[in-house]
Amino acid sequence: MKKTISVLLAVLLIASLVGCSNQKAAEEVAVEIRYDAAKVSYLGPEGTYTQEACETFFGGKGSYLPYETVSDAVQALIDGESNYAVIPQENTIGGAVTDYIDTLLASEKAAVVGEVELPISQNLLVLPGTALGDIKTVYSHKQGIAQGKEWLEKNLPGAQVVEAASTAEGAKKVAEGKDTSCAAIASAGCAKVYGLEILAAGIQNNDHNKTRFYVLSTEAPATAPADRLAFTASGSAKALPKLTAAMEKAGITLVALHDRPQKTELGNYTYVVECSGCTYAAYQELVQNNPDFTYRYLGSFAVK
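Residue indices follow the written sequence of each chain, beginning from 1 at its first position. Per-residue local features are limited, in this predicted model, to residues with pLDDT of at least 70; the limit for side-chain atom pairs, both in listing and counting, is 80 or more; totals at the level of whole chains, interfaces and linings are taken over all residues. Side-chain metrics rest on all non-hydrogen atoms present in the structure, leaving aside hydrogens and water.

Visitor: Summarise the pairing of strand β5 (residues 111-119); cite the residues concerned and give the values.
Guide: The rule is simple: take the accessible area with a 1.4 Å probe, protein chains only, and divide by the maximum for that residue type; under 20% is buried, over 50% is exposed, in between is partly exposed. Think of it this way: any DSSP run of H or I at least four residues long counts as a helix, any run of E at least two long counts as a strand, and we number them from the N terminus. Of all nine residues that make up β5, seven are buried, and the element is covered over most of its length. Only strands that DSSP links by at least two bridges are regarded as paired with each other. Here β5 pairs with strand β11 (residues 210-217) via eight bridges, running antiparallel. Bridging from a neighbouring strand, A111 pairs with S217 of β11. Inspection of the sheet shows β5 paired to strand β15 (residues 294-303) by two bridges, in the parallel sense. The residue of β15 that forms the bridge with E115 is V303.

Next comes the structure, spelled out in structure tokens:
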């Protein structure tokens, strides 16, 4: 009888060790980025900062597919038209790009597999021969407008500012309209693409202007240790201090925290949490010990 019990205990111990080993393996699954074969969807048209972010992250390899909206670019990923989608996530001047965060939250099949930080230099683009005094209308994406707001107020206080789907779309409107009373806030690359001139360079509100972009995939999110780890936590704002305190106690560094209303009750939000110094095992422990939220794991990933 004692021998039978000993054998049973040994079997249970081995099973436990195997289970731990399998759990560890599951916690350290990496996602391999296929740079050469990558088909990347992004907010177009050609010349957007998002295209530049694509080229930076993928090293100019693969092919880039422009779409009219970020939602379209992410849907292309979900539908299998692309392998990856690159979306703006946060800007140092304009803050969180909430429309695009909402797109990520609505796309349950999307995981974050990479991040790229891009310095942003905004420029006032015009048709050749246009003078500053000619300009009556300025086109740009709302982030470009926010980033160039101070310059516009000082130099073009009477100009009508019109929001475009992207900075490149604004530049395209100016080029196609052939109206010297129009200008666009966009990248220097757009000047080359659309045959425009840079009338004023570096018009962003400060020289620390950067945008962070997420690289999305429909593969299972990586769990191997990486530069960053991201997840969402949905619940009451009242429970947030407990969660952030638990993160601090665990030695997890909070990198970014964005809130989006759950549209259910006042005070209920979905928080997009990005952190460093956090393993997947630490994330699991955080979830287990803080049941006031509903969680969605977005992935661990490298930052370029």
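Visitor: Lay out unusual backbone geometry in plain terms, naming residues and giving numbers.
Guide: With omega at 0°, the peptide bond leading from G44 into P45 counts as cis. Secondary-structure assignment places P45 in the loop between β1 (39-43) and α2 (49-58). A positive phi angle, close to 50°, is found at K178, a residue other than glycine. Along the chain, K178 falls in the loop between α7 (167-177) and β9 (182-186).

Visitor: How would you sum up the nonpolar core? Please name residues and give values.
Guide: Think of a nonpolar core as a cluster: buried Ala, Val, Leu, Ile, Met, Phe, Trp, Tyr and Cys residues, connected wherever their side-chain atoms sit within 4.5 Å. V40, F58, Y84, V86, F213 and V215 are the most contacted members of the largest nonpolar core, which totals 20 residues. Contributing elements (two or more residues each) for this core: β1, α2, β3 (84-91), β5 and β11. At five residues, α2 tops the list of elements feeding residues into this core.

Visitor: Could you give an account of the pairing of β11, with specific residues and numbers?
Guide: With seven of eight residues buried, β11 lies mostly within the body of the structure. The sheet contact formed by β3 and β11 spans six bridges and is antiparallel. Directly across from I87, in β11, lies its bridge partner Y214.

Visitor: Please set out the pattern of salt bridges residue by residue, giving values where relevant.
Guide: Whenever Lys or Arg places a side-chain nitrogen within 4 Å of a carboxyl oxygen from Asp or Glu, that contact is recorded as a salt bridge. If you walk through the whole model with that rule in mind, you get ten salt bridges. The partner of K61 in a salt bridge is D36, with the nearest N and O atoms 3.9 Å apart. Taken as a pair, K61 in the loop between α2 and β2 (63-67) and D36 in the loop between α1 (2-27) and β1 lie far apart in primary sequence, 25 residues in all. Judged by relative accessible area, K61 falls into the partly exposed class, the value being 42%. Through salt bridges with shared partners, a single network forms among E90, E115, E117, R212, R228 and E274.

Visitor: Tell me about the confidence of the model for the protein chain, residues and numbers included.
Guide: Parts of the model with low pLDDT should not have their predicted coordinates read in detail. Every residue gets a pLDDT, meaning the predictor's confidence in that residue, from 0 to 100. Per-chain confidence: the protein chain averages 91 in pLDDT, with 91% of residues scoring 70 or above. Contacts between residues were defined by any pair of non-hydrogen atoms, one from each residue, lying within 4.5 Å. Overall, residues 1-26 carries pLDDT values under 50, and its contacts beyond four positions in sequence, including any with other chains, amount to two contacts.

Visitor: Just give me the short version of the sheet that holds strand β10 (residues 197-200), but keep the residues and values in it.
Guide: Read across the sheet, five strands follow the order β8-β7-β9-β6-β10 without closing on themselves; strand pairing throughout is mixed. Two strands close off the open sheet at either side, each with one partner strand: β8 (160-163) and β10. Each strand axis lies, on average, 35° off the axis of its neighbour in the sheet, ignoring direction. Where strand β7 (residues 137-140) lies against β9, three bridges are found, and the strand directions are parallel. Each bridged residue has a counterpart across the sheet, and for T137 the counterpart in β9 is C182. Axis definition: a line fit to C-alpha positions, over the contact stretch in the case of helices; interaxial angles, taken between N-to-C directions, run 0 to 180 degrees. Strand contacts of α7: β6 (123-126), β7 and β9, with the helix running at about 155° to β9, the strand carrying the most contacts.

Visitor: Could you give me a rundown of helix α10 (residues 280-289), with the residues and numbers involved?
Guide: Because each turn of an α-helix spans 3.6 residues, side chains separated by three or four positions end up pointing in the same direction. For α10, the full list of buried residues reads Y280, Y283 and L286. Projected onto a plane normal to the axis of α10, the buried residues spread over an arc of 115° and lie on a single side. An arc is given here, and it is the one of the directions from the helix axis to the C-beta atoms.

Visitor: Could you give an account of the packing of aromatic side chains, naming the residues involved and the relevant values?
Guide: Aromatic rings in a pair are described by how distant their centres are and how their planes are angled relative to each other. Pairing of aromatic side chains here covers Phe, Tyr and the six-membered ring of Trp, requires ring centres within 6.5 Å, and sorts the geometry by plane angle: under 30 degrees stacked, over 60 edge-to-face, intermediate tilted. In total, this model carries 14 aromatic pairs according to the counting rule given. Judged by centre distance (5.0 Å) and plane angle (70°), the ring pair of F57 and F58 falls under edge-to-face. Residue classification places F57 among the buried residues on the basis of a relative accessible area of 3%. Cluster of aromatic residues (ring-pair linked, three or more members): F231, Y269, Y271, Y280, Y283, F293, Y295 and Y297. By the criterion adopted, a ring carries a charge over it if an Arg CZ or a Lys NZ lies within 6 Å of its centre and within 35 degrees of its normal. The residue whose ring lies beneath K304 is F57, and the NZ or CZ to ring-centre distance is 4.6 Å.

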